[in-house]
Amino acid sequence: MLQADAVDWFPPGAGTVQRGWSARLPAGLTLVLGDEGSGKTSLLRLLAGDTPVVAGQVRLHGAPHAGADYRRQVFWRDPREAWPPQWTPQDWSEQLARQYPHWQAGQWLRHVQGFGLQPHLGKAMYQLSSGSQRKVLLAAALASGAPLTLIDEPVAALDRASIAYLCAALAQEASAPQRPPRAVVVAHYDTLGDALPWSQTLRLPPRP
């Protein structure tokens, strides 16, 4: 799916270049595991193509990191990023359906229902609580069908029922055959319990 070979890159906010990072991301679920400040979000930004590679190479289904073909295969939105004024979940889902050729409208509706978002589809995003905004982002990520789907700190601001639904949805994502094959990368500080079938775990050391 994704290959990173001897990559040097400059994580945002870091004082030094990260050198020689290599990894292989298979189809299925990958967990990026690390404490606060260990660089989980920075790594997702690299995988998303937001952070340039200084040396080495990253390829997704053969597409080079700096190219448009790479970016078209990636779903990523930083949950800390402000939403455009008056943008609603329904507006965003319609935009994503045009952007991603493998967008799954049925899955979007299923996750909207599973997260209890039906009353909020026509509201501006800024009117929603942080937990509801996170649920919209998760529903969109799961429905995107993007070959590389990146999810940062998935359970932040979620209630217990929504966390249980998310874990069940991720487990189903891992067990169902995907066309095209899909890698879902989740960055978090723990393993989200013992039930999720992680294909691999990338453990990040604490920053010095």
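Above: the structure in question.
Since the model is a prediction, treat every value here as computed from it, not as a measurement.

> Which residues make up the nonpolar core, and what values go with them?
Judged by nonpolar contacts, the single largest core of 39 residues is most densely connected at Phe 75, Trp 92, Trp 108, Leu 166 and Leu 170. Tallying contributions element by element places helix 5 (residues 130-143) first for this core, with eight residues. Once residues within four sequence positions are removed from consideration, Trp 108 is found in contact with Pro 89, Ser 93, Trp 103, Leu 121, Val 136, Ala 139, Ala 140 and Ala 143.

> Mind laying out the layout of surface pockets, listing which residues take part and the relevant values?
Size it by volume and the second largest pocket reaches roughly 230 Å³. Around the second largest pocket, the lining is made up of 13 residues, and of these Val 74, Trp 76, Arg 77, Gln 99 and Tyr 100 lie nearest the centre. Taken together, the elements giving at least two residues each to the lining of the second largest pocket come down to strand 6 (74-75) and helix 3 (89-99). When residues in the lining of the second largest pocket are grouped by element, the largest group, four residues, is from helix 3. Per-class residue counts for the lining of the second largest pocket are eight nonpolar, two polar and three charged.

> Any details on the pairing of strand 4 (residues 53-60)? Residues and values, ideally.
Bridge analysis of strand 1 (residues 2-9) against strand 4 gives six bridges, and the strand direction is antiparallel. Looking across to strand 4, one finds that Asp 8 is bridged to Ala 55. In this structure, strand 4 lies alongside strand 5 (residues 63-64), joined through two bridges in antiparallel fashion. Looking across to strand 5, one finds that Leu 60 is bridged to Ala 63.

Each value, and the rule that gives it
- Residues numbered from 1 in each chain as written.
- Predicted model: local features only at pLDDT ≥ 70, side-chain atom pairs only at ≥ 80, totals over all residues.
- Heavy atoms only, no water.
- Core = buried A, V, L, I, M, F, W, Y, C linked by side-chain atoms within 4.5 Å.
- Buried < 20%, exposed > 50% of the residue type's maximum accessible area, 1.4 Å probe, protein only.
- Helix = DSSP H or I, 4+ residues; strand = E, 2+ residues; numbered from the N terminus.
- Contact = heavy atoms within 4.5 Å.
- 1 Å grid on protein atoms, 1.4 Å probe; cavity = no way out; pocket = protein on both sides within 12 Å on 5 of 7 lines; lining within 4 Å.
- Points joined across faces, edges and corners; volume = space filled by probe spheres on them.
- Nonpolar A, V, L, I, M, F, W, Y, C, P; charged D, E, K, R; others polar.
- Pairing = 2+ DSSP bridges.

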